[in-house]
Amino acid sequence: MAEPSYTSLPTSHLPGSVPAVITEERASAIQQADPEANMQIFPPNSGGGGGRGYQTLTSPSDGNGPPPANNWNGAFSVSSYTQYFNVDTDDVVSRLTSSLYPTGDFFRKIEANPDLYGLIWISTTLVFVIASFGNCATYLMTKKTDSSISWSFDVSYFQVSAMAVYGYVFLVPLGFYLLLQYFGSKVGLIQFWCMWGYSLFIFIISSLLLVIPVDFLRWTITLITGVASAAFVGLNLKSHVELNDLTIVLVAACVLQFALAIFIKSWFFH
């Protein structure tokens with residue numbers, strides 16, 4: 001009676017089983033025939049330059065390439081925003097100059113490299129400028145009216161200026177971006193933040209001049225600042241608004257810029 005043969009029984013599932021002995025040429029042929037194959041080359045690689053060893057044959061996406069990125073993880077990664085701070089002094093000066101001499105081509109200038117550096121630097125500077133110089137202007141007006149009146153530094157100016165400036169420069173562009181996106185605009189949110197950030201640069205200059213304790217001169221500076229800032233925003237939004245006949249959106253943007261100038265004058269330099 002013939003003894004039963006067990007050579008055909010599968011053994012790969014057993015503990016301590018050894019991978020099949022296969023040459024590199026045979027492994028390449030199998031990989032080409034079936035890209036999904038995942039086999040191992042024996043004997044193990046001992047670290048030499050022979051190229052043999054346990055080499056997993058997988059697709060390129062499973063090898064040296066980085067794993068698929070999670071979009072939400074990128075939103076909370078600092079490295080994701082470094083590209084928006086990749087500007088030099090010449091870039092910043094050119095954009096600051098464009099904000100003072102509006103021509104309506106600002107989006108074209110920043111198309112290849114919009115930045116958030118100007119937004120953060122200008123808005124933060126404006127917060128401290130209007131708060132500190134607002135206190136200085138109040139002191140000068142107080143002493144001009146009656147030198148015997150005691151004066152104290154108002155720390156609340158910093159709180160109000162921070163809430164007003166940061167709230168304005170982040171929320172207003174976001175609102176217009178969502179509105180124009182609804183009507184088919186192709187401009188990105190970063191471009192809107194960049195443009196609105198540089199539109200505040202003229203407020204820093206005007207705040208330095210508003211220290212002058214002459215109320216008529218202060219109102220004149222405020223009106224010029226509001227018109228210039230509104231013109232910069234309006235001219236750059238014009239091309240995106242005209243496509244959808246949204247003149248009311250353009251008017252609203254200009255009114256908000258002008259209202260910001262009035263607010264700074266009335267609250268900090270009254």
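Structure shown above.
Read on for a plain summary of the structure.

## What to know about the nonpolar core
Right, on to step 1. Within the largest apolar cluster, 54 residues are counted, with the highest numbers of intra-cluster contacts made by F192, M195, W196, L200, F203 and L237.
Right, on to step 2. Counting only elements with at least two residues in this core, the list comes to α3 (89-100), α4 (106-110), α5 (117-145), α6 (156-182), α7 (189-199), α8 (201-209), α9 (215-242) and α10 (247-268).
Right, on to step 3. When residues of this core are assigned to their parent elements, the largest contribution, 9 residues, is made by α6.

## Some points on the pattern of salt bridges
Right, on to step 1. For the structure shown, the criterion picks out 3 salt bridges.
Right, on to step 2. With a shortest N-O distance of 2.9 Å, R108 and D105 are connected by a salt bridge.
Right, on to step 3. Since its relative accessible area comes to 55%, R108 is described here as exposed.
Right, on to step 4. Residue K265 is joined to D215 by a salt bridge in which the shortest nitrogen-to-oxygen separation is 3.4 Å. Within this pair, whereas K265 is found in helix α10, its partner D215 is found in helix α9, the two being separated by 50 residues in sequence.
Right, on to step 5. On the basis of relative accessible area, K265 is assigned to the buried category, the value being 3%.

## Focus on the side chain of T138
Right, on to step 1. Summarising the element assignment, T138 is placed in helix α5.
Right, on to step 2. Overall, the relative accessible area of 16% leaves T138 in the buried class.
Right, on to step 3. Setting aside its immediate chain neighbours within four residues, T138 contacts W151, Y157 and F268.

## Quick notes on α7
Right, on to step 1. In terms of residue burial, α7 counts as a mostly covered element, since 11 of its 11 residues are buried.
Right, on to step 2. Looking only at α7, the buried set comprises L189, I190, Q191, F192, W193, C194, M195, W196, G197, Y198 and S199.

## Observations regarding α10
Right, on to step 1. End to end, α10 covers 32 Å across 22 residues, agreeing with the expected 32 Å (1.5 Å per residue, within 8%).
Right, on to step 2. Every buried residue belonging to α10 is among V249, L250, A253, Q257, L260, A261, I264, K265 and F268, and all of these are buried.

## Focus on the packing of aromatic side chains
Right, on to step 1. Throughout the structure, instances matching the rule amount to 14 aromatic pairs.
Right, on to step 2. Joined through ring pairs, the aromatic side chains of F107, F176, Y177, F192 and W196 make up one cluster.

Quick notes on the rules
- Residues numbered from 1 in each chain as written.
- Predicted model: local features only at pLDDT ≥ 70, side-chain atom pairs only at ≥ 80, totals over all residues.
- Heavy atoms only, no water.
- Core = buried A, V, L, I, M, F, W, Y, C linked by side-chain atoms within 4.5 Å.
- Buried < 20%, exposed > 50% of the residue type's maximum accessible area, 1.4 Å probe, protein only.
- Helix = DSSP H or I, 4+ residues; strand = E, 2+ residues; numbered from the N terminus.
- Salt bridge = Lys/Arg side-chain N within 4 Å of Asp/Glu carboxyl O.
- Contact = heavy atoms within 4.5 Å.
- Expected span 1.5 Å × (residues − 1).
- Phe/Tyr/Trp six-rings, centres within 6.5 Å; stacked < 30°, edge-to-face > 60°.

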